[in-house]
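# An overview of the molecular structure
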Amino acid sequence: MPRLSEVIAALDALWPPASAEGWDAVGTVCGDPDQEVSRVLFAVDPVQEIVDEAVKLDADLLVTHHPLYLRGTTTVAASNFKGRVVHTLIKNDIALHVAHTNADRADPGVSDALAGALDLRVVRPLVPDPADADGRRGLGRVCELDHPLTVREFAARAAERLPATAQGIRVAGDPEALVRTVAVSGGSGDSLFADVRAAGVDAFLTADLRHHPASEARAHSPLALLDAAHWATEWPWCELAAAQLDEISDRHGWDLRVHVSKTVTDPWNSHSPSPGAPN
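Here we summarise the structure given alongside this text.

Moving on: the pairing of strand E2 (residues 39-43). Most of E2 sits inside the fold, with five of its five residues counted as buried. A two-sided burial pattern is seen for E2, the buried positions comprising Arg39, Leu41 and Ala43 on one face and Val40 and Phe42 on the other. Sheet analysis places E2 next to strand E3 (residues 61-64), joined by four bridges and oriented parallel. The residue of E3 that forms the bridge with Phe42 is Val63. Crossover E2 to E3 through helix H2 (residues 48-57) is right-handed.

Under the criterion given, the structure shown has 12 salt bridges. Across the pair Asp112 and Arg141 runs a salt bridge, and its minimum N-O distance is 2.8 Å. Of this pair, Asp112 sits in helix H5 (residues 110-117) while Arg141 sits in strand E6 (residues 138-150), and the two are 29 residues apart along the sequence. Neither Asp112 nor Arg141 differs from the other in exposure class; each is buried. A salt bridge links Asp227 to Arg170; the shortest N-O distance between them is 2.5 Å. Within this pair, whereas Asp227 is found in strand E10 (residues 224-228), its partner Arg170 is found in strand E7 (residues 169-172), the two being separated by 57 residues in sequence. Connected via shared salt-bridge partners are Asp129, Asp132 and Arg137.

With that out of the way, let us pick up unusual backbone geometry. Most peptide bonds take the trans configuration, and most residues that are not glycine carry a negative phi. Here the amide bond leading from Asp107 into Pro108 is cis, since omega sits at -5°, within 30 degrees of zero. Positive phi outside glycine occurs at Asp208, with the angle close to 60°. Within the fold, Asp208 resides in the loop between strand E9 (203-207) and helix H8 (211-220). Non-glycine residue Asp255 carries a positive phi angle of around 60°. Structurally, the position occupied by Asp255 is in the loop between helix H9 (230-252) and strand E11 (257-260).

A few words now on the side chain of Asp227. Classification of Asp227 as buried rests on a relative accessible area of 4%. A polar contact is formed between the side chain of Asp227 and the side chain of Arg170, at a distance of 2.5 Å. In this structure the side chain of Asp227 is engaged in a polar contact, spanning 3.3 Å, whose partner is the backbone nitrogen of Leu209. Contacts of Asp227, omitting those with residues within four sequence positions, involve Gln167, Gly168, Ile169, Arg170, Thr206, Ala207, Asp208 and Leu209.

Moving on, we get to the side chain of His66. For His66, the location among the structural elements is in the loop between E3 and helix H3 (81-91). His66 has contacts with Val44, Asp45, Pro46, Val98, His100, His230 and Glu234, leaving out every residue within four places of it along the chain.

Okay, H5 next. Three- or four-residue spacings in an α-helix give side chains the same orientation, since the helix completes a turn every 3.6 residues. With six of its eight residues buried, H5 lies for the most part within the structure. Listed in full, the buried residues belonging to H5 are Val110, Ser111, Asp112, Ala113, Leu114 and Ala115. Of the surrounding secondary structure, the elements contacted by the buried residues of H5 are helix H4 (101-105), strand E5 (121-128), E6, strand E8 (178-188), E9 and H9. Downstream of H5 by a residue or two, Asp119 has a phi angle that is positive, lying close to 60°.

It is worth spelling out the sheet that holds E9 at this point. Strand pairs in the sheet, formed through backbone hydrogen bonds, run parallel or antiparallel to each other. The sheet built from six strands is open, its strands ordered E5-E6-E8-E9-E10-E7 with mixed pairing. The strands lining the two open edges of the sheet, one partner per strand, are E5 and E7. Across the sheet, the mean angle separating the axes of adjacent strands is 25° when strand polarity is ignored. Bridging between E6 and E8 involves six bridges; their strand directions are antiparallel. The residue of E8 that forms the bridge with Leu149 is Val179. Packed on one face of the sheet, H5 meets E5, E6, E8 and E9 and runs near 135° to E8.

About the criteria used
- Residues numbered from 1 in each chain as written.
- Predicted model: local features only at pLDDT ≥ 70, side-chain atom pairs only at ≥ 80, totals over all residues.
- Heavy atoms only, no water.
- Buried < 20%, exposed > 50% of the residue type's maximum accessible area, 1.4 Å probe, protein only.
- Helix = DSSP H or I, 4+ residues; strand = E, 2+ residues; numbered from the N terminus.
- Pairing = 2+ DSSP bridges.
- Right-handed = clockwise from strand over helix to strand, strands pointing away.
- Salt bridge = Lys/Arg side-chain N within 4 Å of Asp/Glu carboxyl O.
- Polar contact = N/O pair within 3.5 Å; in protein donor to acceptor, adjacent residues only side chain to side chain.
- Contact = heavy atoms within 4.5 Å.
- Axes fitted to C-alpha atoms, helices over the stretch in contact; angles between N-to-C directions.

Printed below as a string of structure tokens:
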């Protein structure tokens, strides 16, 4: 069995920590570099429900997309929920490793996994990484459909292909307009509207679209907006990342058992439609 340090080195090669945004908190949160690793669990959120799942699975390593302590802390006391997460991990000899914006920028990365879940062909990054001479890394992806769909049909595809959430898919735009090209960005994407407009695509699928940026984007152009749940747009990366680690394990003869959590950790758990609201 490999040591934790060996597995982390392999993960850092996939998602180099140096490529993360300056405000981000990626890397290993807890864990003994010399401990052996035989079972790994991938998930989006390092919340107690996921940590409990890792305990039941007898995992040695939990890899999440979202950081546990994004803004730092002065305490890991078990009197708060993040402290309880740390205590549970350490008591059960489970390491926690985070790949966030470094996984967003990677090739393949979070938005590649999102595009794959929607059966889209990736053309290029939406915001290329200037440090990548090959032009493959960066934030978001510009994609093409295999055949044109209406906005309504593309939204239905997204609702069917992405994990089910209470929100589903919100849509802004003409439901009958044709979509041939799409920009996608896993997670919160309304800071990318200028790049989306510059890409000249027919639709933009992302998450956490706020009222004013969305309203202004619609005023600028007939761009269709598809707003999915944050968790749902990033969960496909867990399957991609698990497959990548499986391949590394096979190559090195590590015999790792790699799992993906199917626990829905989206914070919204129910939806009540307004009477008479457009469908």
